[in-house]
Amino acid sequence: VFQKMQTYECYFINGTEKVRYVERYIYNRRTDAMFDSDVGHYVGFTPYGEFNAKRWNSDPEWMEDVRAAVDTYCRHNYPIVAPFSVERR
């Protein structure tokens, strides 16, 4: 059985003051490549992941969209997520 998976995660620190966006590409429980908004580019952890990271990092339009994901997905969806995660006791 083979497993291929992508995850997209938003981490909120002090509301929307500090937001971190992480995108992971996983194959068989091993992270091949990862984008972290704090780093600002893709990092590959396997030969296949390094190949993809190099390809994605060399495309300026793609990188512009991925870097904007912090605002597009995380900060945009914060008002929807906040009542369920932040305001819980």
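Scroll up to find the structure this text is about.
Note that the structure is a prediction, hence the values are computed from the model and not measured.

### Re the nonpolar core
Formed by 13 residues in total, the largest nonpolar core has its most connected members in Tyr-21, Phe-35, Tyr-42 and Trp-56. Those residues in contact with Trp-56 that lie beyond four places of it in its chain are Tyr-25, Ala-33, Tyr-42, Trp-62 and Met-63.

### Here we look at the sheet that holds strand E2 (residues 18-27)
Taking strand neighbours across the sheet as the criterion, the four strands line up as E1-E2-E3-E4 in an open arrangement whose pairing is antiparallel. Each of the sheet's edge strands pairs with one partner strand only, and the pair in question is strand E1 (4-13) and strand E4 (42-44). Strand-to-strand twist across the sheet, computed as the mean angle between neighbouring axes with direction ignored, equals 20°. Examined bridge by bridge, E1 and E2 share ten bridges and lie antiparallel to one another. Bridge pairing links Phe-12 to Val-19 in E2. Against the sheet, helix H1 (residues 47-57) contacts E2, strand E3 (30-36) and E4, and its axis sits at roughly 160° relative to E4.

### Remarks on the pairing of E2
Adjacent in sequence and paired antiparallel, E1 and E2 are bridged by four residues, among which Asn-14 carries a positive phi angle near 60°. Pairing geometry for E2 and E3, over six bridges, is antiparallel. Following the sheet pairing, Glu-23 is matched in E3 by Phe-35. Counted along the chain from E2 to the antiparallel partner E3, the turn is two residues long, and its residue Asn-28 has a positive phi close to 50°.

### With respect to the environment of Gln-6
Tracing the chain through its elements places Gln-6 in strand E1. When the C-alpha positions of Gln-6 and Arg-24 are compared, they lie 5.6 Å apart, and in sequence the two are 18 residues distant. Those residues in contact with Gln-6 that lie beyond four places of it in its chain are Arg-24 and Tyr-25. A distance of 3.1 Å separates the side chain of Gln-6 from the side chain of Tyr-8, its partner in a polar contact.

### Observations concerning the state of the cysteines
Scanning the model with the defined rule gives one disulfide in all. One disulfide in the model links Cys-10 with Cys-74; its S-S distance is 2.0 Å. Judged by the sign of its S-S torsion, about -80°, the bond between Cys-10 and Cys-74 is left-handed. Taken as a pair, Cys-10 in strand E1 and Cys-74 in helix H3 (residues 69-85) lie far apart in primary sequence, 64 residues in all. Residue classification places Cys-10 among the partly exposed positions, given a relative accessible area of 32%.

Reading the values: rules and limits
- Residues numbered from 1 in each chain as written.
- Predicted model: local features only at pLDDT ≥ 70, side-chain atom pairs only at ≥ 80, totals over all residues.
- Heavy atoms only, no water.
- Core = buried A, V, L, I, M, F, W, Y, C linked by side-chain atoms within 4.5 Å.
- Buried < 20%, exposed > 50% of the residue type's maximum accessible area, 1.4 Å probe, protein only.
- Contact = heavy atoms within 4.5 Å.
- Pairing = 2+ DSSP bridges.
- Helix = DSSP H or I, 4+ residues; strand = E, 2+ residues; numbered from the N terminus.
- Axes fitted to C-alpha atoms, helices over the stretch in contact; angles between N-to-C directions.
- Polar contact = N/O pair within 3.5 Å; in protein donor to acceptor, adjacent residues only side chain to side chain.
- Disulfide = S-S within 2.5 Å.

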